[in-house]
Amino acid sequence: MPELFIGGTWTAAVDGQVREIRCPADNTLVATVDEAGPKDAAAAISAAREAFDRGPWPRTPAAERGRLLLRVADLLERDKDALARAESLDTGKRLVESEYDMDDIANCFRYFGNLTAAGGTDRVVDAGSPEVDSRVVHEPVGVCALITPWNYPLLQTAWKVAPALGAGNTFVLKPSELTPHTCIILMRLLTEAGLPAGAANLILGAGPTAGAPLSEDPRVDLVSFTGGLATGRRIMAAAAPTVKKVALELGGKNPNIVFADADFDTAVDYALMAIFLHSGQVCSAGARLLVEDELHDRFVDELIARARRIRLGGPFDEDARTGPLISAEHRDKVEAYVAAGIAEGAVLRCGGARPDDPALKDGYYYPPTVLDECTPGMSVVTDESFGPVLTVERFRTEDEAIGLANDTVYGLAGAVWTQDTGKGQRVAARMRAGTVWINDFHPYVPQAEWGGMKQSGFGRELGPAGLAEYQEAKHIWRNLAATPQRWFE
């Protein structure tokens, strides 16, 4: 069956190109899918443009749009098992993690369904005269290009698709070429829920051939991208000539600050989860561990002892606690990153070499790795590895901890661990990040905005601001008693 979904029809790529999707856990073939090119992207944009300009979806009442999103949430819950399995085969992540993701995805659609149905974003403006009806209304932006990453394929898609549809937009979705299958299934669920043809379009393929036209085409009104910083910069440049709206979430180099008064066992446990969940392939991963000097040796020794016990394995290995990296190329990058850090003076405390377990030889595995005695300016401290690599830095004072935490071009997330409530609040207030956890790491809820500061991007997903990203505010002024003004007589 063809896998591109354009104008309500499943179709093959115009040029007949295909791509093999292989499971990173063992390199087995998952499926062969169509590979879109510029012609397919142009066709998808045309379909979305037609559906926005002349189709019913942008003119569908908000309450009805919200009900459709709620139906999608129900369908996601119904098909949770199949979706989780498909996601794990594409990404190699543990099945239990994919199952958690599916619950979060359904919750995202349910949140935006309720938010959309509730309405209430329009408002009356006091113009200072009873003879004027002045109000601000919110309208859909138009055609949205949604470009999503491989680490959380359907979750990151849901964060964009749900508010885009809730606001009344049409869209072209381009997921990562490595992990397409849950997005394919989502198109079927949207159709089953009753979304009109052309409102949702899906193209599969690489960024330069399938994604780049979405940023450049003047018929696209908004580009929302989640991924790497370099690609985000290219998207901004490509979108500039047509001055389209752009929203970017570009990852981070996230600090996890542990003060000496933190609950020791809990802080160690969360420090492991912060970086080694999904093998570190998480934009908000706590890749920089900042430990108060007096606690450093005991804390890092215990963390390393536990890290060495983390078992690697495929998505359906119930004894595994983390899985492979997404590809051989990505593993090569992580290896080079670690080698550069060691050359700069970082001390390798565990990991740092491919596992020798024969059962893992066909997958792209890399073990939990800890680089100690890191200092500002090292490449491993400044650059994002997007792998299971933790760097450790020391600090002595609260001000020094904050300075180290903010000494990065990124500003996505961070955490602080202390039993001193005042200290936790002070540090959180001074950290330059879009999300800060106190005595926790990784949780989010769809009701709260998510996004970065500095070069982690701009715009917000989730929360009321996540819906507002896909809306335009329009001021409508109606004179109820218009009379000639006689300015030019």
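Provided above is the structure to which this section pertains.
What this report covers is the structure whose coordinates are included nearby. The residue numbers shown here count from 1 along each chain, following its written sequence. With the structure being a predicted model, the display of local features is reserved for residues of pLDDT at least 70 and the display and counting of side-chain atom pairs for 80 or more, all residues being used for whole-chain, interface and lining totals. With hydrogens and water stripped out, all remaining heavy atoms of the structure feed into the side-chain values.

### So, the sheet that holds strand S18 (residues 435-438)
Inference 1: Any two strands are treated as partners once DSSP identifies two or more bridges connecting them. Each helix is a run of DSSP H or I of at least 4 residues and each strand a run of E of at least 2, with the numbering of both proceeding from the N terminus. Strand order in the open sheet made by the seven strands is S14-S15-S16-S13-S12-S17-S18, with mixed pairing throughout. Looking at strand neighbours, the two that pair on one side only are strand S14 (347-350) and S18, the edges of this open sheet. On average, adjacent strands in this sheet sit at an angle of 20 degrees to one another, irrespective of strand direction.
Inference 2: Any two residues whose heavy atoms approach within 4.5 Å are treated as being in contact. Comment: axis = line fitted to C-alpha atoms, over the contacting stretch for helices; angle = value between 0 and 180 degrees taken between N-to-C directions. Sheet strands in contact with helix H13 (residues 398-406) are strand S12 (255-258), strand S13 (288-292) and strand S16 (389-395), and its direction is about 145 degrees off that of S16.

### A look at the sheet that holds strand S5 (residues 123-125)
Inference 1: In spatial order, the strands read S5-S6-S20; together these three strands make up an open sheet with antiparallel pairing. The sheet is open, and its two borders are formed by S5 and strand S20 (471-479), each paired with just one other strand. On average, adjacent strands in this sheet sit at an angle of 30 degrees to one another, irrespective of strand direction.
Inference 2: Sheet analysis places S5 next to strand S6 (residues 132-140), joined by three bridges and oriented antiparallel. Looking at the pairing, Val125 lines up with Ser134 of S6.

### What about the side chain of Arg65?
Inference 1: Along the chain, Arg65 falls in helix H2 (residues 62-78).
Inference 2: Exposure is judged per residue with a 1.4 Å probe applied to protein chains only, and the accessible area is read against the type maximum: over 50% gives exposed, under 20% gives buried, and values in between give partly exposed. In this charge count, Lys and Arg are treated as positive and Asp and Glu as negative; neither His nor the chain ends contribute. We define a salt bridge as a contact between a side-chain nitrogen of Lys or Arg and a carboxyl oxygen of Asp or Glu at a distance within 4 Å. Buried within the structure, Arg65 lacks any salt-bridge partner; its nearest side chain of opposite charge belongs to Asp122, at an N-O separation of 8.8 Å.
Inference 3: Any N or O atom pair separated by 3.5 Å or less is treated as a polar contact, with the protein-specific requirement of one donor-capable and one acceptor-capable atom, and with residues adjacent in sequence counted only for side-chain atom pairs. Polar contacts involving the side chain of Arg65 include one to the main-chain carbonyl oxygen of Gly166, which spans 2.8 Å.
Inference 4: The contact partners of Arg65, leaving out residues within four places of it in the chain, are Trp57, Pro58, Thr60, Thr116, Leu165, Gly166, Ala167 and Gly168.

### Structural notes on the packing of aromatic side chains
Inference 1: For this analysis, a ring pair means two rings from Phe, Tyr or Trp (six-membered ring only for Trp) whose centres lie within 6.5 Å, classed as stacked if their planes differ by under 30 degrees, edge-to-face if by over 60, and tilted for the remaining angles. Taken as a whole and assessed by the stated rule, the structure comprises ten aromatic pairs.
Inference 2: Here the aromatic rings of Trp437 and Trp450 are separated by 6.3 Å at their centres, their planes lie at 40 degrees, and the arrangement is tilted. Of this pair, Trp437 sits in strand S18 while Trp450 sits in the loop between S18 and strand S19 (457-458), and the two are 13 residues apart along the sequence. In this pair, the class of Trp437 matches that of Trp450, namely buried.
Inference 3: Members of the aromatic cluster, connected to one another through ring pairs, are Trp159, Trp437, Phe441, Tyr444 and Trp450.
Inference 4: Geometrically, a lysine NZ or arginine CZ counts as sitting over a ring once it is within 6 Å of the ring centre and also within 35 degrees of the ring normal. When the ring centre of Phe316 is taken as origin, the NZ or CZ atom of Arg85, which lies over that ring, is 4.7 Å away.
Inference 5: Over the ring of Trp10 we find Arg188, and its NZ or CZ is 5.3 Å from the ring centre.

### Concerning the environment of Asn254
Inference 1: Tracing the backbone shows Asn254 in the loop between strand S11 (245-249) and S12.
Inference 2: Note: C-alpha distance between Asn254 and Leu412 (158 residues apart in sequence) is 6.8 Å.
Inference 3: Excluding residues within four positions of it along the chain, Asn254 makes contact with Cys283, Ser284, Ala285, Gly286, Ala287, Arg288, Leu412 and Ala413.

### Comments concerning the packing of helix H5 (residues 153-166) against helix H6 (residues 181-193)
Inference 1: Look at H5 against H6: their axes get within 10 Å of each other, and the N-to-C directions meet at 30 degrees. Judged on the interaxial angle alone, H6 and H5 are roughly parallel. Of the two elements, H5 crosses H6, and the hand of that crossing is right-handed. Here H5 contributes Pro153, Leu154, Thr157, Val161 and Leu165 to the contact with H6, which in turn contributes Thr182, Cys183, Leu186 and Leu190. Relative orientations are named as follows: roughly parallel for angles under 35 degrees, roughly antiparallel for angles over 145 degrees, roughly perpendicular for angles from 65 to 115 degrees, and oblique for any other angle. If you view the pair so one helix is near and one far, a crossing is left-handed when the near helix is turned anticlockwise from the far one by less than a right angle, and right-handed when it is turned clockwise.

### Brief notes about the packing of helix H9 (residues 264-276) against helix H10 (residues 293-307)
Inference 1: Contact geometry for H9 and H10: axes closest at 10 Å, N-to-C directions at 55 degrees. With respect to each other, H9 and H10 are oriented oblique. The two elements H9 and H10 meet at a crossing, and its hand is right-handed. Residues Phe264, Asp265, Ala267, Val268, Asp269, Ala271, Leu272 and Phe276 of H9 pack against Leu295, Arg298, Phe299, Glu302, Leu303, Arg306 and Ala307 of H10.

### Some words on the environment of Gly168
Inference 1: Note on placement: Gly168 falls in the loop between H5 and strand S8 (170-174).
Inference 2: If near-sequence neighbours (up to four positions away) are discounted, Gly168 is found in contact with Phe52, Trp57, Pro58, Arg65 and Pro140.

### Some thoughts on helix H4 (residues 95-118)
Inference 1: Multiplying 1.5 Å by the helix residue count minus one yields the expected span of that helix. Spanning 24 residues, H4 covers 35 Å between terminal C-alpha atoms, matching the ideal 34 Å at 1.5 Å per step.
Inference 2: All of the buried residues along H4 are Glu97, Ser98, Asp101, Met102, Ile105, Ala106, Cys108, Phe109, Tyr111, Phe112, Gly113 and Thr116.
Inference 3: Buried residues along H4 sit in contact with H2, helix H3 (80-91), H5, H6 and helix H15 (463-468).
Inference 4: Immediately downstream of H4, the backbone of Gly119 shows phi near 60 degrees, a positive value.

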